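Remarks on the overall topology
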Amino acid sequence: MPLTSEDTITIAALARTIWQYHYATIPASAQIEYMLMQRYQPALIHAQLTDPNM
């Protein structure tokens, strides 16, 4: 099933859970937050979903 715009919030939440669990041993939680904000915001995911070049 293809992803839709409605899936972006779920994807962002899933990414947060995975990153926080997987990278929990990294001392700087600010780095994890930075990566999540840079790559997994629902608006950014939506832009990638609607970009015909992706």
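Residues numbered from 1 in each chain as written. Predicted model: local features only at pLDDT ≥ 70, side-chain atom pairs only at ≥ 80, totals over all residues. Heavy atoms only, no water.

1. A few points about the confidence of the model for the chain
Put simply, the chain has an average pLDDT of 88, and 98% of its residues get 70 or more. Considering each helix and strand of the chain separately, the mean pLDDT is smallest for helix α2 (residues 29–39), with a value of 87, and largest for helix α1 (residues 8–22), with 92. (pLDDT = per-residue confidence, 0-100. Helix = DSSP H or I, 4+ residues; strand = E, 2+ residues; numbered from the N terminus.)

2. Quick word on the nonpolar core
Counting five residues, the largest nonpolar core is built from A15, W19, I32, M35 and L36. Where this core is concerned, the elements lending two or more residues are α1 and α2. Of the residues forming this core, the biggest block, three residues, is contributed by α2. Residues within four places of M35 in sequence aside, it is in contact with W19 and Y40. (Core = buried A, V, L, I, M, F, W, Y, C linked by side-chain atoms within 4.5 Å. Buried < 20%, exposed > 50% of the residue type's maximum accessible area, 1.4 Å probe, protein only. Contact = heavy atoms within 4.5 Å.)

3. Section: α2
Inspection of α2 places I32, M35 and L36 among the buried residues, and these make up the whole buried set. In an axial view of α2, the angular spread of the buried residues amounts to 100 degrees, which keeps them on one side of the axis. (Arc of directions from axis to C-beta.)

4. Side note on the environment of Q41
Summarising the element assignment, Q41 is placed in the loop between α2 and α3 (42–50). With relative accessibility at 26%, the residue Q41 sits in the partly exposed group. Sequence separation of Q41 and A15 is 26 residues, and the distance between their C-alpha atoms is 9.6 Å.

5. Structural notes on the pattern of salt bridges
For the structure shown, the criterion picks out one salt bridge. Of the charged contacts in the structure, one is a salt bridge between E33 and R16, with a shortest N-O distance of 2.9 Å. Linking E33 in helix α2 with R16 in helix α1, this pair joins segments that are 17 residues apart in sequence. Look at E33 and you get partly exposed, because its relative accessible area is 31%. Here R16 falls in the partly exposed class, since its relative accessible area comes to 29%. (Salt bridge = Lys/Arg side-chain N within 4 Å of Asp/Glu carboxyl O.)

6. As for the packing of aromatic side chains
For any pair of aromatic rings, geometry is given as the distance between the ring centres together with the angle between the planes. Under the definition given, this model contains two aromatic pairs. Where W19 meets Y23, the ring centres are 5.0 Å apart and the plane angle is 45 degrees; that geometry is what we call tilted. Note on W19: relative accessible area 16%, which makes it buried. By relative accessible area, Y23 is classed as partly exposed at 30%. These aromatic residues form a ring-pair network of at least three members: W19, Y23 and Y40. (Phe/Tyr/Trp six-rings, centres within 6.5 Å; stacked < 30°, edge-to-face > 60°.)

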